[in-house]
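In case you want the letters, here they are:
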Amino acid sequence: NFGASNFYFPSFYDQYEEVDARLFSIKYQKSHTNKFSSVAIGSYRRHNDLYDFNKFRISDVSRVNFHQTDVLAFEWKGRYLTKAGATSFGVEVRQEGVISNRLGLELDNAIKVNNYDLFYDKGLKRNNLSFFIEQQKNWDKLFISTGALLNFNNQFGTEFYPGLDVSYQLNTSNSLYASINRSLRFPTFTEQYLNTSTVVGNPNLESEEAIFYELGYKLAD
């Protein structure tokens, strides 16, 4: 439980929030041979959030924001060593969901909010599947890492994200490096659906994409 006066807006002094999170994770790691190893990770996270702009829990609970998010994920990674270097590859399946009285689309069946005379009547789910492969190789002082990720999302479609990193060790203290990578960020449920007097969400927001270039020099003491 916490709150901060004037934190989100200067006219309200009694802003208040409650958060609660529970996480379960299980991991299995195995060296199949001296060249091949793998790891599998499963996880589940639930997060509850209550945000009250100005003592509305007392005067009008319908104006309080209630959200419950669930993230279920499974990831498998393999690593294989050869003369060509280290090859890593894997797959991840993830589902993200929210139920809320503010965020998402109208639910067919509303769900009661614990301890309050109110219902989660909105919600949304996203399903995501991704595959990746990466190759790393050292030649004395030269290191190269290249890889790619193929991502499928039921809301934002299919995208391909490659990357390349190169570094060269001049001596024990000096090195040069260069990299180029393509990345993305999905809009949050809040950015898509929250509507207030000062914020207007847009459910048609697309994912942010960027291409990063970097060239640098490192000096180690």
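Computed from a predicted structure; not experimentally measured.

Analysis parameters
- Residues numbered from 1 in each chain as written.
- Predicted model: local features only at pLDDT ≥ 70, side-chain atom pairs only at ≥ 80, totals over all residues.
- Heavy atoms only, no water.
- Salt bridge = Lys/Arg side-chain N within 4 Å of Asp/Glu carboxyl O.
- Buried < 20%, exposed > 50% of the residue type's maximum accessible area, 1.4 Å probe, protein only.
- Helix = DSSP H or I, 4+ residues; strand = E, 2+ residues; numbered from the N terminus.
- Contact = heavy atoms within 4.5 Å.
- Core = buried A, V, L, I, M, F, W, Y, C linked by side-chain atoms within 4.5 Å.

Attention now moves to the pattern of salt bridges. For the structure shown, the criterion picks out 13 salt bridges. Note that R94 and E96 form a salt bridge whose closest N and O atoms lie 2.9 Å from each other. By relative accessible area, R94 is classed as buried at 19%. Across the salt bridge formed by E106 and K122, the nearest N and O atoms sit 3.4 Å from each other. Of this pair, E106 sits in strand β5 (residues 105-112) while K122 is found in strand β6 (residues 119-139), placing the two residues 16 residues apart along the sequence. With relative accessibility at 56%, the residue E106 sits in the exposed group. Among the charged side chains, a salt-bridge network with shared partners connects E92, R94, E96 and R126.

Looking at the element boundaries, N1 is found in the segment before β1 (16-31). N1 sits in the exposed class, given a relative accessible area of 70%. Counting along the chain gives 32 residues from N1 to T33, while the straight-line C-alpha distance between them is 50 Å. Leaving out residues up to four positions away in the same chain, N1 has contacts with Y16, E17 and E18.

Ranked by size, the top nonpolar core spans 10 residues in total: Y16, L50, F56, V64, F66, I99, V113, Y116, L118 and Y120. Leave out the neighbours within four places in its chain, and F56 touches V61, R63 and V64. Counting 6 residues, the second largest nonpolar core, distinct from the first, contains L103, L124, F189 and L194.

In most cases, non-glycine residues show a negative phi, while peptide bonds are predominantly trans. We note that N115 has phi near 70°; this positive angle belongs to a residue other than glycine. Tracing the backbone through its elements, the reader meets N115 in the loop between β5 and β6. Judged by its relative accessible area of 76%, N115 falls in the exposed class. For D140, which is not glycine, the phi dihedral falls at a positive 55°. Among the structural elements, D140 can be located in the loop between β6 and β7 (142-153). Judged by its relative accessible area of 74%, D140 is exposed.

Mapped onto the elements, N181 comes out in strand β9 (residues 174-185). With 20 residues separating them in the primary sequence, N181 and Y161 have C-alpha atoms 7.5 Å apart. When sequence neighbours within four positions are dropped, the list of residues in contact with N181 reads P162, G163, L164, D165, A210, I211 and F212.

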